[in-house]
Every structure is written in structure tokens, then in C-alpha cells.
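# Architecture at a glance
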Amino acid sequence: MSDETADSRQESFHELLRSLRVWDTELPHFDPAQAPAEPLPLFQQWLREAAEAGTPEPHTMTLATADAHGTPCVRTVMLHDADAHGWHFATHRTSRKGRELAARPEAALGFYWPAVGRQVRVLGTVTAASPQESRADLAKRSPGALAAALVGRQSEPLSSLAELERASVAAWERALREPDAPVDSWTLYVLEADEVEFFQGDDRRRHVRLHYRRGRGGRWVTELLWP
């Protein structure tokens with residue numbers, strides 16, 4: 001590829017970025033003075049409102065972990081629950097994120113709901129649920145989710161797409177034949193939050209940021225942050 005062609009493609013990409021707009025809709029009002037004393041009820045309300053506003057897959061989230069050396073890694077996963085125990089998600093404990101959580105059991109979650117101009121960040125300590133709870137979590141999911149879990153080997157090198165196709169076909173057949181098939185590596189994780197931040201976007205860039213953090217005795221303390 002010539003330098004001229006590369007420069008042209010780069011300039012085209014810059015023009016694309018400059019043309020993109022955010023929050024091309026009327027954004028909701030958020031009064032932090034009316035927020036609850038704990039973050040969970042507000043999170044559940046915001047996720048519900050994001051779904052009602054038409055945000056696709058509002059239960060997907062960014063999960064950030066780090067290895068033993070502190071090297072970060074980020075990916076998108078699905079929220080399985082959010083309750084008094086924390087924010088729940090699941091994966092193979094043998095996957096990269098599973099290995100990283102074993103080495104450093106801290107993580108951060110990020111939710112972004114563009115239809116309402118909202119973000120939520122959650123930071124805390126992660127613990128693995130029991131094998132019984134992990135099996136129950138997988139049992140609640142679809143046959144496709146079970147088939148994907150049965151394929152396993154997540155994050156390992158793959159020799160070809162044909163190998164994946166063969167493994168997937170076999171896993172789907174087993175999932176339909178054995179809807180309670182065990183997957184020993186499947187693990188439910190629970191993040192107990194130490195910090196939760198709620199961000200409400202504003203079209204004049206006067207964004208509202210409400211930050212919850214655990215204080216003495218585990219009680220939540222709130223503060224506003226500059227945008």
C-alpha cells in the first residue's frame with residue numbers, strides 16, 4: 001500500500017470520527033439529591049429505564065481484570081444478576097479472565113446506555129461462587145449458552161474455524177440431548193462493590209456524576225464529582 005493511499009484512508013477515518021454524534025435524543029433529568037442511600041436500587045432502576053428506552057442488550061457490560069503483573073485486559077460479558085451480594089457474571093475459570101481473577105480478585109465493570117446518555121462504573125472484589133451455585137447459574141441459561149460452555153477451551157489457541165465448527169456441532173447435540181450436562185470449569189463470580197459511579201450525560205456537557213463509596217462499617221458515602 002502506498003503512503004498516499006494510507007494517508008487517504010487515515011484522513012477518511014478521521015473524517016468519520018469527526019462526523020459521529022452522541023446522544024442525538026432528549027436525555028432524562030437526574031437529580032442526585034433524590035438518589036437512594038445505596039447504589040443497588042438506582043442501578044436496577046437505570047438498567048430498567050435503559051431497556052425501556054430501547055438500548056440494545058442493556059445487560060451487557062465491560063469487565064476489566066488484571067493479571068499478577070498488573071497488565072489489564074477488558075472484554076464484554078453479560079450481567080447475570082445484581083442483588084445484595086453484588087454483581088454476578090460467569091465464565092470458565094480456565095479462561096483468561098478466570099485465571100486473572102484467581103491471581104488478582106479485583107475487577108471493574110462498565111455499563112453504557114447511549115439511549116439515555118448514562119454510564120455506570122462498578123469497582124470491587126470478586127469471589128467465586130460454589131460449584132452448586134455455578135451449576136445452577138448455567139442451568140438457567142439457554143441451550144445455546146450451554147452448548148458454548150460445553151465447547152470450553154475459552155481463550156486457548158484455535159487451529160482453524162473447521163475445528164470450532166466440529167466442536168460446536170457436537171456441543172449443540174449434547175446440550176439438546178442432556179440439558180443438565182455438567183461443565184466443571186463453568187464458574188459464577190460475584191463482584192462486591194466498593195465503589196459505584198452513576199454518570200448522567202448532559203447535552204451542554206454539564207454531566208452529573210454521583211459517586212458511591214463504602215465508608216466505615218460498610219456504610220455507603222456519596223459525593224458529586226466534576227465531569
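In this report, the structure presented in the accompanying data block is examined. (Residues numbered from 1 in each chain as written. Predicted model: local features only at pLDDT ≥ 70, side-chain atom pairs only at ≥ 80, totals over all residues. Heavy atoms only, no water.)

Let us now look at the environment of Ser155. Along the chain, the position of Ser155 falls in the loop between α5 (143-151) and α6 (161-177). On the basis of relative accessible area, Ser155 is assigned to the partly exposed category, the value being 48%. As for Ser155 and Ser95, which are separated by 60 residues in sequence, their C-alpha atoms are 5.5 Å apart. Here Ser155 is in contact with Ser95 and Arg96, once residues within four sequence places are set aside. Side-chain polar atoms of Ser155 contact the backbone nitrogen of Arg96, separated by 3.3 Å. (Helix = DSSP H or I, 4+ residues; strand = E, 2+ residues; numbered from the N terminus. Buried < 20%, exposed > 50% of the residue type's maximum accessible area, 1.4 Å probe, protein only. Contact = heavy atoms within 4.5 Å. Polar contact = N/O pair within 3.5 Å; in protein donor to acceptor, adjacent residues only side chain to side chain.)

Once that is clear, we can look at helix α3 (residues 96-103). Those residues of α3 lying buried are Lys97, Gly98, Glu100 and Leu101. The buried residues of α3 occupy an angular sector of 165° when projected down its axis, which confines them to one face. In the core, the buried residues of α3 are packed alongside β1 (60-66), β2 (72-78), β4 (86-92), β5 (106-113), β6 (118-128) and β7 (186-200). (Arc of directions from axis to C-beta.)

The next thing to look at is the packing of aromatic side chains. Going through the model one piece at a time under the given rule, you end up with ten aromatic pairs. Seen in terms of ring centroids, Phe111 and Trp113 are 5.8 Å apart; in terms of plane orientation they differ by 40°. Their pairing is tilted. We note that Phe111, like Trp113, is buried. Their ring planes at 85° and their centres at 6.3 Å tell us that Tyr212 and Trp220 sit as a pair that is edge-to-face. Per residue, the accessibility class of Tyr212 equals that of Trp220, and both read buried. Taken together through their ring pairs, the aromatic side chains of Phe30, Trp46, Phe198, Tyr212 and Trp220 make up a single cluster. Cation over ring: Arg118 sits above Trp46, and NZ or CZ is 4.2 Å from the ring centre. (Phe/Tyr/Trp six-rings, centres within 6.5 Å; stacked < 30°, edge-to-face > 60°. Lys NZ or Arg CZ within 6 Å of the ring centre and 35° of its normal.)

Here we come to the packing of α5 against α6. It is at 8 Å that the axes of α5 and α6 come closest, and there the two elements cross at 130°. What the angle tells us is that α5 and α6 run oblique. Between α5 and α6 the crossing geometry is right-handed. Between α5 and α6, the contacting residues are Pro143, Gly144, Leu146, Ala147, Leu150 and Val151 on the first element and Leu164, Ala167, Ser168, Ala171, Trp172, Arg174, Ala175 and Leu176 on the second. Here the contact of α5 with α6 is composed, by residue class, of eleven nonpolar, two polar and one charged. (Axes fitted to C-alpha atoms, helices over the stretch in contact; angles between N-to-C directions. Parallel < 35°, antiparallel > 145°, perpendicular 65-115°, else oblique. Left-handed = near helix turned anticlockwise from the far one by under 90°. Nonpolar A, V, L, I, M, F, W, Y, C, P; charged D, E, K, R; others polar.)

Another point: the pattern of salt bridges. Side-chain pairs of opposite charge can arise where the charged atoms are in close proximity. Counted by the stated rule, this structure contains eleven salt bridges. With a shortest N-O distance of 2.9 Å, Arg18 and Glu11 are connected by a salt bridge. Between Glu197 and Arg121 there is a salt bridge; the shortest N-O distance is 2.6 Å. Linking Glu197 in strand β7 with Arg121 in strand β6, this pair joins segments that are 76 residues apart in sequence. For Arg121, a relative accessible area of 35% corresponds to the partly exposed category. In the salt-bridge network here, residues are joined through shared partners; they are Arg75, Arg96 and Glu100. (Salt bridge = Lys/Arg side-chain N within 4 Å of Asp/Glu carboxyl O.)

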